[in-house]
Amino acid sequence: MDKWFVDWFSSDEYSDVYAHRDENDALNLVKLITENTHIPQNSWLLDAACGSGRYLNEFSELGFNSVGFDLSMPLLRKAKEIGSKTGNNFSLINADMRNVFIKKKFDLILNVFTSFGYFSRDEDNFKFIKNSSLMIKSSGFFIFDYLNKNYIINNLIPYSQKTINNKIIEEFREINNGRVIKKMTIGTELGIKEYFESVKLYSPEEIIEGFKSAGYRPEKKFGNYSGEKFDEKLSERFIVFFGR
């Protein structure tokens with residue numbers, strides 16, 4: 001299961017399972033970022049693990065010079081399609097976040113939609129954060145959007161089912177050895193497919209300490225994309241704006 005993300009993010013079913021993550025999520029987070037950083041148009045943005053490019057597209061629409069990287073070629077192809085349809089130009093790179101390095105200083109770096117904690121070793125999980133310190137301007141912001149550990153522990157839904165595009169999707173969730181693990185069985189006309197997600201649950205304190213060791217400081221914390229104040233017990237998400 002160590003490389004679950006390779007199969008899962010390259011699958012046709014990934015977009016079905018997360019179809020509820022619509023453009024409103026992206027618009028709300030982009031609004032939250034722009035209103036709280038005041039970074040001007042024509043600034044440079046890097047989206048780490050950019051997926052299908054929702055945030056790249058929105059920031060490009062605002063006039064940002066946007067660059068994204070992801071390990072999944074199918075998701076990068078979808079991002080390219082989005083750019084072609086909307087007429088927004090952004091650069092895409094196929095790369096593993098543990099090894100990527102871009103010779104550019106960015107005004108804004110994103111690591112959003114829980115694109116963190118995939119790996120078994122802490123060193124690997126924090127590697128991009130450490131390396132990003134060489135890719136960000138002294139006045140730049142790193143936007144980190146992640147699960148809130150306490151909320152997940154107290155509100156985990158063990159089982160759910162939904163039907164999307166005539167596919168029956170069952171999701172089984174558990175917390176095991178400090179990780180939240182989700183098994184997904186997806187019934188199609190061709191049979192049942194099975195995928196996994198496994199994300200390490202870091203506390204807010206552990207996240208902040210990891211960023212501090214890379215030279216960042218927390219400036220603002222939010223509990224959701226609407227900009228509500230972060231509450232360690234009640235907030236679903238842990239969103240932090242880090243400065244240098």
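Residues numbered from 1 in each chain as written. Predicted model: local features only at pLDDT ≥ 70, side-chain atom pairs only at ≥ 80, totals over all residues. Heavy atoms only, no water.

(A) Expanded view of the packing of helix α3 (residues 23-37) against helix α4 (residues 54-61). As a packed pair, α3 and α4 sit with axes 10 Å apart at the nearest point and diverge in direction by 50°. Judged by the inter-axis angle, α3 sits oblique to α4. At the point where α3 passes α4, the crossing takes the right-handed sense. Between α3 and α4, the contacting residues are Glu 23, Asp 25, Ala 26, Leu 27, Leu 29, Val 30, Ile 33 and Thr 34 on the first element and Arg 54, Tyr 55, Glu 58 and Phe 59 on the second. Within the contact of α3 with α4, the residues separate by chemical class into 7 nonpolar, 1 polar and 4 charged. (Axes fitted to C-alpha atoms, helices over the stretch in contact; angles between N-to-C directions. Helix = DSSP H or I, 4+ residues; strand = E, 2+ residues; numbered from the N terminus. Parallel < 35°, antiparallel > 145°, perpendicular 65-115°, else oblique. Left-handed = near helix turned anticlockwise from the far one by under 90°. Contact = heavy atoms within 4.5 Å. Nonpolar A, V, L, I, M, F, W, Y, C, P; charged D, E, K, R; others polar.)

(B) Focus on the sheet that holds strand β6 (residues 159-164). A sheet is described by the order of its strands in space; here 4 strands give the open sequence β6-β7-β8-β9, paired in antiparallel fashion. Looking at which strands have only one partner, the edges of the open sheet turn out to be β6 and β9 (191-200). Each strand axis lies, on average, 20° off the axis of its neighbour in the sheet, ignoring direction. Sheet analysis places strand β8 (residues 179-188) next to β9, joined by 10 bridges and oriented antiparallel. The partner of Met 184 across the bridge, within β9, is Tyr 195. (Pairing = 2+ DSSP bridges.)

(C) Spatial organisation of the packing of aromatic side chains. Following the criterion strictly, the structure yields 25 aromatic pairs and no others. Seen in terms of ring centroids, Trp 4 and Phe 5 are 5.6 Å apart; in terms of plane orientation they differ by 85°. Their pairing is edge-to-face. A relative accessible area of 6% places Trp 4 in the buried class. Note on Trp 8 and Tyr 195: the rings are 4.9 Å apart at their centroids and 40° apart in plane angle, and the pair reads as tilted. Placement of Trp 8 in helix α1 (residues 4-9) and of Tyr 195 in strand β9 is noted, with a sequence separation of 187 residues between them. Across this residue pair, the class does not change: Trp 8 and Tyr 195 are buried. (Phe/Tyr/Trp six-rings, centres within 6.5 Å; stacked < 30°, edge-to-face > 60°. Buried < 20%, exposed > 50% of the residue type's maximum accessible area, 1.4 Å probe, protein only.)

(D) Inspection of the pattern of salt bridges at higher detail. Counted according to the given criterion, the structure contains 11 salt bridges. Glu 171 is paired through a salt bridge with Arg 173; the nearest N and O atoms lie 3.2 Å apart. When salt bridges that share partners are traced, they join Lys 162, Glu 171, Arg 173, Lys 182 and Glu 197 into one network. (Salt bridge = Lys/Arg side-chain N within 4 Å of Asp/Glu carboxyl O.)

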